[in-house]
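Overview (structure and organization)
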Amino acid sequence: MKKFKPLALAYLILFFMKITPGHAAGTAKISYKVTFPEAQAHYADVEMTVSGLKQADLELKMPVWTPGSYLIREFAKNIESLTATADGKAINALKVSKNTWKINTSGVNTVTVKYKVYAFEVSVRTSFVDVSEGFLSTSGIFLYPKNMLDQPSIINITPYKGWSKVSTSLEKVNGDPFTLQSPNYDILYDSPIEVGNQDVFSFDAAGVKYEVAMCGGGNYDKERLKKDMPKIIEAETAVFGENPNKHYTFIVHNRQRGGGGLEHLSSTVLGASRDAYSSERGYNGFLSLVAHEHFHLWNVKRLRPIVLGPFDYENENYTTDLWIAEGFTAYYQNLILRHAGIATPESYLAAMAGDINTVENQPGAKIQPLAEASFDAWIKSYRPNENSYNTGISYYDKGAVIAMLLDLQIINNTNAKQSLDDVMRYMYNTYYKQKKRGYTDAEFKQAFEKFSGQNLDEFYAKYINGLADIDYDKYLGYAGYKITNAFANVNEPTLGIYTRNGNGDNKLVTTVLRGGAGWIDGINVNDEITAINGAPVSDMNTALNGKKIGDKVTVTVIRDGITMDIPVTLLKNNRVNYKIEEVANPDEKQLTVRKKWLKL
Ligand SMILES: [Zn+2]
């Protein structure tokens with residue numbers, strides 16, 4: 001990603017040492033043709049040509065993951081029917097690892113490789129082809145020649161019949177929308193391509209040309225989006241002090257039910273529900289997704305943990321800093337809507353309380369420290385199972401909470417002269433722009449300490465690397481707020497399980513909460529509850545009506561086809577429902593901090 005801008009020589013050398021050992025002469029020319037002769041069966045056909053070769057063999061590789069989504073996805077699994085020709089003659093392409101094909105190129109100038117990619121996984125980070133569109137998530141479409149990640153390439157696209165548009169942040173060659181160029185593979189793999197008949201609209205914001213490609217239809221109001229999206233973009237640009245792109249593309253996949261997003265350098269892919277735009281809740285949810293993914297163009301795409309770029313496309317890239325890269329972005333996705341004047345202070349505080357409740361109600365928050373949640377994203381948060389709620393914490397939710405604590409601390413300690421914004425801008429200028437590299441854990445901590453004017457060893461020990469209870473009132477108190485638990489006086493018994501509807505009135509257990517009644521007395525995930533005290537359960541919410549904490553009930557379940565009775569002693573429901581409320585008589589300092597925080 002650093003290759004986006006001219007580099008200092010020392011960094012260039014380091015870069016090549018890291019990812020291009022034995023770098024090839026650099027004279028090869030690489031081009032791709034993408035066609036969709038079998039779009040109805042979900043295939044993209046790729047023809048790759050590498051010419052100007054002067055090496056004994058050529059290894060072609062497919063990335064195993066796509067940056068921003070921390071899971072080994074094995075994109076090579078979708079490749080089939082790979083054939084190669086060398087200087088026009090058929091030649092063997094030998095599979096030498098799960099994602100590598102080796103071709104003997106001794107005495108060969110030009111190699112052409114053809115392959116088909118099966119693309120039928122709907123998500124923001126996987127490719128999807130049918131007769132209505134071709135979405136190319138490039139890290140799963142284009143093979144790269146080993147040691148040539150720094151090489152440019154040309155991509156020519158022949159649309160399926162009736163498709164008329166291409167939306168991508170890649171530059172066009174001679175203004176032809178179907179012929180694109182990429183300066184290197186970091187850019188290519190960071191530039192998804194949408195081909196089809198998307199509804200495209202554009203606007204200018206923060207001096208940048210923005211294009212929005214709406215795919216799949218939907219009840220969005222273009223004029224309203226054209227008014228609100230620039231407000232978000234301007235507010236985010238103000239945090240960092242500059243908007244580094246010339247143009248930026250939003251690719252929005254509207255489906256019956258959709259969500260999620262994936263950030264890129266100069267574009268993003270968003271998932272949305274086709275008919276959600278008309279409700280205020282749905283519309284604001286979309287805007288906060290826009291704010292989240294767009295904020296990433298700085299936080300993680302440019303200002304980044306040191307291991308996240310240049311990327312290793314063949315292995316996990318471990319970092320303990322996703323609580324900053326993702327958690328802070330999750331914090332800003334709501335704060336920016338407030339700062340842009342789209343969300344009210346009340347709705348912002350409610351969203352923040354929502355993050356606090358998510359953290360405080362999750363048993364795993366007392367098991368997995370935040371830094372560890374980030375490091376293990378590859379094997380835990382991206383590979384959740386039925387026990388994840390008990391063993392892990394989301395670095396999005398807890399990271400957002402930590403961002404709030406630090407923001408309030410800095411605003412308080414500087415008498416509202418500075419905020420977390422100043423840290424983000426300082427880090428962006430120092431590491432992305434001046435040092436032209438990612439940051440280490442210690443460097444971000446030093447920046448927090450510099451701006452808050454205090455040592456944060458204890459803060460890190462408690463909240464980042466440890467499992468201490470968070471002192472919300474201390475930090476919210478700086479702004480004259482406190483948290484109150486709306487469930488404080490609720491004394492209801494519970495089984496400590498979550499269920500969904502099963503066969504008939506049966507309830508299927510999906511989660512058994514750590515330390516709860518069901519956990520202690522042995523209810524299992526996948527148990528199908530048929531009765532409690534002999535009576536069928538039409539509604540789990542009312543199944544324990546009339547019961548008290550400490551009462552014994554008999555839960556009848558079917559487990560692996562066998563019916564059994566499980567005696568369970570009901571325990572108190574310890575769920576919290578925090579709200580952020582004003583303290584009585586906030587003083588002038590508290591009101592000053594609040595004004596800065598919420599931009600009142
Ligand atoms: Zn994110």
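Residues numbered from 1 in each chain as written. Predicted model: local features only at pLDDT ≥ 70, side-chain atom pairs only at ≥ 80, totals over all residues. Heavy atoms only, no water.

So, the overall build of the protein chain
So the rule is basically this: Secondary structure elements are defined from DSSP: runs of H or I of at least 4 residues count as helices, runs of E of at least 2 residues count as strands, and each element is numbered from the N terminus. The atom set for the radius of gyration is the C-alpha atoms, and the globule formula is 2.2 Å times the number of residues raised to the power 0.38. Throughout this description, buried means an accessible area under 20% of the type-specific maximum (1.4 Å probe, protein chains only), exposed means over 50%, and partly exposed covers the range between. By definition in these notes, contact holds between two residues if any of their heavy atoms fall within 4.5 Å. Computed by Shrake-Rupley with a 1.4 Å probe, the accessible areas treat only the displayed protein chains as cover when residues are assessed. Neither His nor the chain ends is counted toward charge; the positive residues are Lys and Arg and the negative residues Asp and Glu. For the purpose of locating charges, the reference atoms are NZ of Lys, CZ of Arg, CG of Asp and CD of Glu.
For the protein chain, the helix and strand inventory stands at 15 helices and 31 strands. Computed over C-alpha atoms, the radius of gyration of the protein chain comes to 27 Å, within 12% of the 25 Å expected from 2.2 N^0.38 for 600 residues, which places it in the range of a compact globule. Taken over the C-alpha atoms alone, the protein chain extends approximately 80 × 65 × 45 Å along its principal axes. For the protein chain, the residues scored as buried account for 55% of the 600 residues in total. Considering only contacts in the protein chain between residues 6 or more positions apart, those separated by 24 or more positions represent 70%. A total of about 24,800 Å² of accessible surface is found on the protein chain, and carbon and sulfur atoms cover 49% of it. Each charge sign in the protein chain was given a centre, from 66 positive and 66 negative side chains, and these centres are 4 Å apart.

Comments concerning the environment of Ala39
Structurally, Ala39 can be placed in the loop between β1 (29–35) and β2 (43–51). Classification of Ala39 as buried rests on a relative accessible area of 0%. In sequence terms Ala39 and Lys445 are 406 residues apart; their C-alpha atoms lie 50 Å from each other.

Quick look at empty space enclosed by the protein
What counts here: Grid points spaced at 1 Å over the protein atoms alone were grouped into cavities, where a 1.4 Å probe fits but cannot get out, and pockets, open sets with protein on both sides within 12 Å along at least five of seven lines, with lining residues defined by an atom within 4 Å of a point. Grid points are joined across faces, edges and corners, and a volume is the space filled by probe spheres set on the points. Three classes are used: nonpolar for Ala, Val, Leu, Ile, Met, Phe, Trp, Tyr, Cys and Pro, charged for Asp, Glu, Lys and Arg, and polar for all others, with Gly counted as polar.
One pass over the full model with this rule turns up one cavity of 30 Å³ or more. Computed from the structure, the largest cavity encloses a volume of approximately 40 Å³. In this structure, the largest cavity is lined by Pro67, Gly68, Tyr70, Glu263, Val300, Lys301, Leu308 and Phe311. Taken together, the residues of the lining of the largest cavity sort by class into five nonpolar, one polar and two charged.

Topic: the coordination of the zinc ion
What counts, and what does not: Donor atoms (N, O, S) are those found within 2.8 Å of the metal centre, with the cutoff raised to 3.2 Å for Na, K and Ca; water is not part of the atom list, so apparent gaps in a site can occur.
Taken together, the protein donors to the zinc ion comprise His292 (NE2), His296 (NE2) and Glu326 (OE), at separations of 1.9 to 2.0 Å. In primary-sequence terms, the residues that donate to the zinc ion follow H-x3-H-x29-E. With respect to burial, His292 and His296 carry one shared label: buried.

Describing the sheet that holds strand β26 (residues 507–512)
Convention followed: One bridge is not enough; two strands pair if DSSP finds at least two bridges between them. Only the stretch in contact is used when fitting a helix axis, every axis being a line fitted to C-alpha atoms; angles between N-to-C directions are given from 0 to 180 degrees.
Ordered by their spatial adjacency, five strands build an open sheet running β25-β26-β27-β28-β29, and the pairing between neighbours is antiparallel. With partners counted over all chains shown, the strands left at the sheet margins are β25 (497–501) and β29 (562–569), one partner each. Adjacent strand axes in the sheet meet at a mean angle of 40°, parallel and antiparallel pairs treated alike. Bridge analysis of β25 against β26 gives five bridges, and the strand direction is antiparallel. Across the sheet, residue Asn501 finds its bridge partner in β26, namely Lys507.

Some words on the nonpolar core
Using the following cut-off: The criterion is simple. A nonpolar core is a set of buried Ala, Val, Leu, Ile, Met, Phe, Trp, Tyr and Cys residues joined through side-chain atoms within 4.5 Å.
Within the largest apolar cluster, 161 residues are counted, with the highest numbers of intra-cluster contacts made by Phe36, Tyr331, Phe448 and Trp597. In terms of residue count, the dominant contributor to this core is helix α5 (residues 322–339) (eleven residues). Setting aside residues no more than four positions away along its own chain, Phe36 makes contact with Tyr43, Ala44, Val129, Gly134, Leu136, Ile157, Thr158, Pro159, Tyr160, Trp163 and Val195. In this structure, Leu495, Ala517, Val553 and Val557 belong to the second largest nonpolar core, which totals 16 residues.

A closer look at the side chain of Thr112
Going by this rule: Polar contacts here mean pairs of N or O atoms no more than 3.5 Å apart (in protein, one a potential hydrogen donor and the other a potential acceptor; neighbouring residues in sequence count only if both atoms are side-chain atoms).
Its place among the elements puts Thr112 in strand β8 (residues 111–118). Its relative accessible area of 16% is what places Thr112 among the buried residues. There is a polar contact of 3.4 Å between the side chain of Thr112 and the side chain of Thr49. When neighbours within four sequence positions are excluded, Thr112 is seen to be in contact with Glu47, Met48, Thr49, Thr83, Ala84 and Thr85.

What to know about the sheet that holds strand β17 (residues 193–196)
The antiparallel open sheet is built from five strands, whose spatial order is β9-β10-β11-β17-β14. Of all strands in the sheet, those bounded by a partner on one side alone are β9 (120–123) and β14 (165–167). Averaged over all pairs of adjacent strands, the angle between their axes in this sheet comes to 25°, without regard to strand direction. Two elements, strand β11 (residues 133–136) and β17, share four bridges in a ladder whose sense is antiparallel. In the sheet register, Glu133 faces β17, and the bridge partner there is Gly196.

Structural notes on the environment of Asn299
With respect to the helices and strands, Asn299 occurs in the loop between α4 (280–295) and α5. Taking the C-alpha atoms as reference points, Asn299 and Leu180, 119 residues apart in sequence, are found 27 Å from one another. In contact with Asn299, other than residues within four places in its own chain, are Phe240, Ile324, Ala325, Phe328, Thr329 and Met424. Of the polar contacts made by the side chain of Asn299, one reaches the backbone oxygen of Ile324; its length is 3.0 Å.

Quick notes on the confidence of the model for the protein chain
We apply this condition: The pLDDT score gives, residue by residue, the confidence of the prediction method on a 0 to 100 scale.
Looking at the protein chain, pLDDT values average 95 and 96% of them are 70 or higher. A low-confidence stretch, residues 1–25 (pLDDT under 50), is modelled with 55 contacts involving residues beyond four sequence positions or located in other chains.

Structural notes on a nonpolar patch on the surface
The following threshold applies: Only residues whose relative accessible area exceeds 30% and that form no salt bridge are eligible for patches; like-charged ones are grouped when within 9 Å, while nonpolar side chains (Val, Leu, Ile, Met, Phe, Trp, Tyr) are grouped when within 5 Å. Salt bridges are counted wherever a side-chain nitrogen of Lys or Arg sits within 4 Å of a carboxyl oxygen of Asp or Glu.
There is a patch of nonpolar side chains on the surface, built from Trp519, Ile520 and Leu571 and spanning about 270 Å² of accessible area. Among the secondary structure elements, Trp519 is positioned in helix α14 (residues 517–521). Judged by its relative accessible area of 35%, Trp519 is partly exposed.

A few points about helix α3 (residues 222–240)
For clarity, the threshold we go by: How far a helix is expected to stretch is found by multiplying one less than its residue total by 1.5 Å.
In this model α3 runs 27 Å from its N-terminal to its C-terminal C-alpha over 19 residues, within 8% of the 27 Å that 1.5 Å per residue would give. For α3, the set of buried residues is Leu225, Asp228, Met229, Pro230, Ile232, Ile233, Ala235, Glu236, Thr237, Val239 and Phe240. The inward-facing, buried residues of α3 contact β18 (199–205), β19 (208–215), β20 (247–255), α4, α5 and α10 (420–434). Capping the start of α3 is the job of one residue whose side-chain oxygen sits 3.0 Å from the backbone nitrogen of Glu223: Asp221. Gly241 sits one or two positions beyond α3 and adopts a positive phi of about 90°.

A closer look at the packing of aromatic side chains
Operational definition: Pairing of aromatic rings covers Phe, Tyr and Trp, the last through its six-membered ring, and needs centres within 6.5 Å; plane angles under 30 degrees mean stacked, over 60 mean edge-to-face, and all others mean tilted. For a Lys NZ or an Arg CZ to count as sitting over a ring, it must be within 6 Å of the ring centre and within 35 degrees of the ring normal.
With the rule as written, the count across this model stands at 47 aromatic pairs. Judged by centre distance (5.2 Å) and plane angle (55°), the ring pair of Phe240 and Phe295 falls under tilted. Of the two residues, Phe240 sits in helix α3 while Phe295 sits in helix α4, which places them 55 residues apart along the sequence. Accessibility classification places Phe240 together with Phe295 in one group, the buried group. With 6.5 Å between their ring centres and 70° between their planes, Phe328 and Phe444 make a pair best called edge-to-face. Pair noted here: Phe328 is in helix α5 and Phe444 is in helix α11 (residues 441–452), with a separation of 116 residues, a long-range link. For the residue pair Phe328 and Phe444, the accessibility class agrees, reading buried in each case. Three or more aromatic residues link up through ring pairs in this structure, and these residues are Trp65, Tyr70, Tyr144, Tyr185, Tyr189, Phe311, Tyr313, Tyr318, Phe375, Trp378 and Tyr382. The ring of Tyr43 is capped by Lys116, whose NZ or CZ atom sits 5.1 Å from the centre of that ring.

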